[in-house]
Every structure is written in C-alpha cells, then in structure tokens.
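As a plain string of letters, each chain reads:
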Amino acid sequence: MLEVSDLHVSYGAVEAVRGISLSVTPGRVTLVLGANGAGKTTTLRGICGLLPIRRGVVTLDSNQIGGMSPHRIVRRGMVLVPEGRRVFAPLSVLENLRLGAYTAPRSQFDADLARVFELFPILSDRRSSAAGLLSGGEQQMLAFGRGMMSQPRVMLMDEPSMGLAPAMVDSVLNSVRQIADSGMGVLIVEQNADVGLEAADDVVVVARGEVVFSGPADVARSHSSVVRAFLGEAALAETQPRAEGR
Ligand code: ATP
C-alpha cells in the first residue's frame, strides 16, 4: 500500500536521507530502526509531506503522493503520530479526538469514535478529562486515537515509546499491534532496538541516511550482529539477550 523508493531529503546542503526505500502493507508493522541522528524522523517527515522531497517516489495504493501537502496526504489515507505525542493539553480527550476527525466525513464521526473507544477503553473513561492530566502512556493512546479519527489506511508513528515507563511501553506496543491487526499498515520509527523489534513484522535499519538492512523482523532478531554493526554497543546490550531467547 505505501511504497517509498529512493527517497532523498535535505536540510539545505545537508542530505539527511539518501536513497531510502521501504514498504508498508496492510495488517503489518514495518519498523525503521536507527541510532540517534540516522535520519528516521526526516524520513517520516518527507513521506508525509512535512519536508520537501529532493528525489524519489512515494506512492499510496499506487497513487503518487510524494510532494503533496500534509493535509492532502491525510485525506488520501495516511497520518503521522508525531514524536512526543503533541496532544492539546488543556483540551479534553474528546476535543482532541474531534480535532483528529477534521478531514473525515461528519456522518462517520460516531462510528469512528466508537472504534477508538473500543480499542482504547481508557479514553472513553477519561473522555471529559483534560488531555494534560493523562499519564504518558494514556497520552500516547490519545495520539493514536486522534490519528485513527482521520480514517487512515496507513499510520506513521515516530518513537511512540519515548519517555514512557517500561510497563507503559508494553501497553503502547500492544496498541501498535492491535492497530495493525485491525488491517491498517503501520510504519514505526524507534531507536531502541529492543522495543521496536518487539512490535515489528518487517525491519529497515538506517544509518547515516541510508538503508543498511531490510528484511523480516525474525531475521533481524536472530542476527543481532546486524543490529550491533549499525546501532552500536549500547543498543546491542539491550538487544542481544532477547535475540538469543527467541
Ligand atoms: P533522533 O532519533 O535523534 O530524532 P533521527 O534518526 O530521527 O534521530 P533525524 O532527526 O532525521 O534523525 O536527523 C537526521 C540528520 O539530519 C541528523 O544529522 C540531524 O542533525 C540532521 N537534522 C535534523 N533536523 C535538522 C534541521 N532542522 N536542520 C538541519 N539538520 C537537521
């Protein structure tokens, strides 16, 4: 459904993404894994129209979307859940969800809301609370829910585990899985290999703006040397015991 081919994105003269290719399919989670500064966020921002693409092709269901404005891309069926969640703290949970629905037909609001509440019952319980009063994990679920209200077929998630307590990370990963199981294609970016590989079906490892490994998550899990080579020793220390355990 989402195909990215030879993507190049630059900040002025600095080419931060240099020929990245990846794909996202319905019901599966594609993980973009890379160290700090590898170009993960830049890749996401290029794909969803927040940064201009210097070269490459981005198609959604075979239609070219590369270079379109972000809101047109949302209307085409792809939404970004940004790093740091960015919920509107003073607004209620329900108001945040309503904002996510601005591109969707009004007639479908109730059904879309019911779908979000079914997946995240805590959001239904807290629907009148200010979003800023939710825990970090609950805010992440709200960010997912807000994205879902635009009726996407593909969701891009930028480091959803960032800054969360370990128990909350598990619950957020569960949510990522459930979203994919509902038939959506998911592209998730992580720098923590341990966390990312937990949720992924397919993996793209990025270093210095280029793809250095691309393949099934099972292969990445069982070849921790791939992760060692490109993410560095700190990531390996977290990844190796888990990879050996599988
Ligand atoms: P992180 O996990 O730290 O966000 P990342 O893999 O998402 O890392 P990017 O944020 O995409 O990496 O950054 C890729 C490269 O582009 C880095 O070298 C970074 O310094 C550079 N970069 C990022 N944003 C800008 C900017 N606004 N202007 C210039 N260079 C930038």
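A few points on the structure. (Residues numbered from 1 in each chain as written. Predicted model: local features only at pLDDT ≥ 70, side-chain atom pairs only at ≥ 80, totals over all residues. Heavy atoms only, no water.)

Details of helix α3 (residues 93-100)
Link 1 in the chain: Three or more residues of α3 are buried, namely V93, N96, L97 and G100. Buried positions in α3, seen along its axis, are confined to an arc of 100° and lie on one side of it.
Link 2 in the chain: Tucked into the core, α3 has its buried residues touching α4 (109-119), α5 (121-125) and α6 (136-148). (Buried < 20%, exposed > 50% of the residue type's maximum accessible area, 1.4 Å probe, protein only. Helix = DSSP H or I, 4+ residues; strand = E, 2+ residues; numbered from the N terminus. Arc of directions from axis to C-beta. Contact = heavy atoms within 4.5 Å.)

Remarks on the nonpolar core
Link 1 in the chain: Counting 46 residues, the largest nonpolar core has F120, F144, M155, I179 and V203 as its most contacted members.
Link 2 in the chain: In terms of residue count, helix α7 (residues 166-181) provides more of this core than any other element does, six residues in total.
Link 3 in the chain: Residues in contact with I179, not counting those within four places in the same chain, are L119, F120, F144, M148, M155, M157, M184 and V186.
Link 4 in the chain: Counting 27 residues, the second-largest nonpolar core is a separate cluster that includes L22, L44, V204 and V206. (Core = buried A, V, L, I, M, F, W, Y, C linked by side-chain atoms within 4.5 Å.)

What to know about the pattern of salt bridges
Link 1 in the chain: One pass over the structure, following the stated rule, counts eight salt bridges.
Link 2 in the chain: Linking D202 and R28 is a salt bridge whose minimum nitrogen-to-oxygen distance equals 2.9 Å. Taken together, the residues D202 in strand β9 (residues 202-207) and R28 in the loop between β2 (14-24) and β3 (29-34) connect sequence positions 174 residues apart.
Link 3 in the chain: Assessed through its relative accessible area of 33%, R28 is described here as partly exposed.
Link 4 in the chain: A salt bridge links R177 to D181, with the shortest nitrogen-to-oxygen separation between them at 3.5 Å. Taken together, the positions of R177 and D181, both in helix α7 and four residues apart, correspond to about one turn of that helix.
Link 5 in the chain: Three or more residues are tied together by salt bridges with common partners; here these are R177, D181 and D201. (Salt bridge = Lys/Arg side-chain N within 4 Å of Asp/Glu carboxyl O.)

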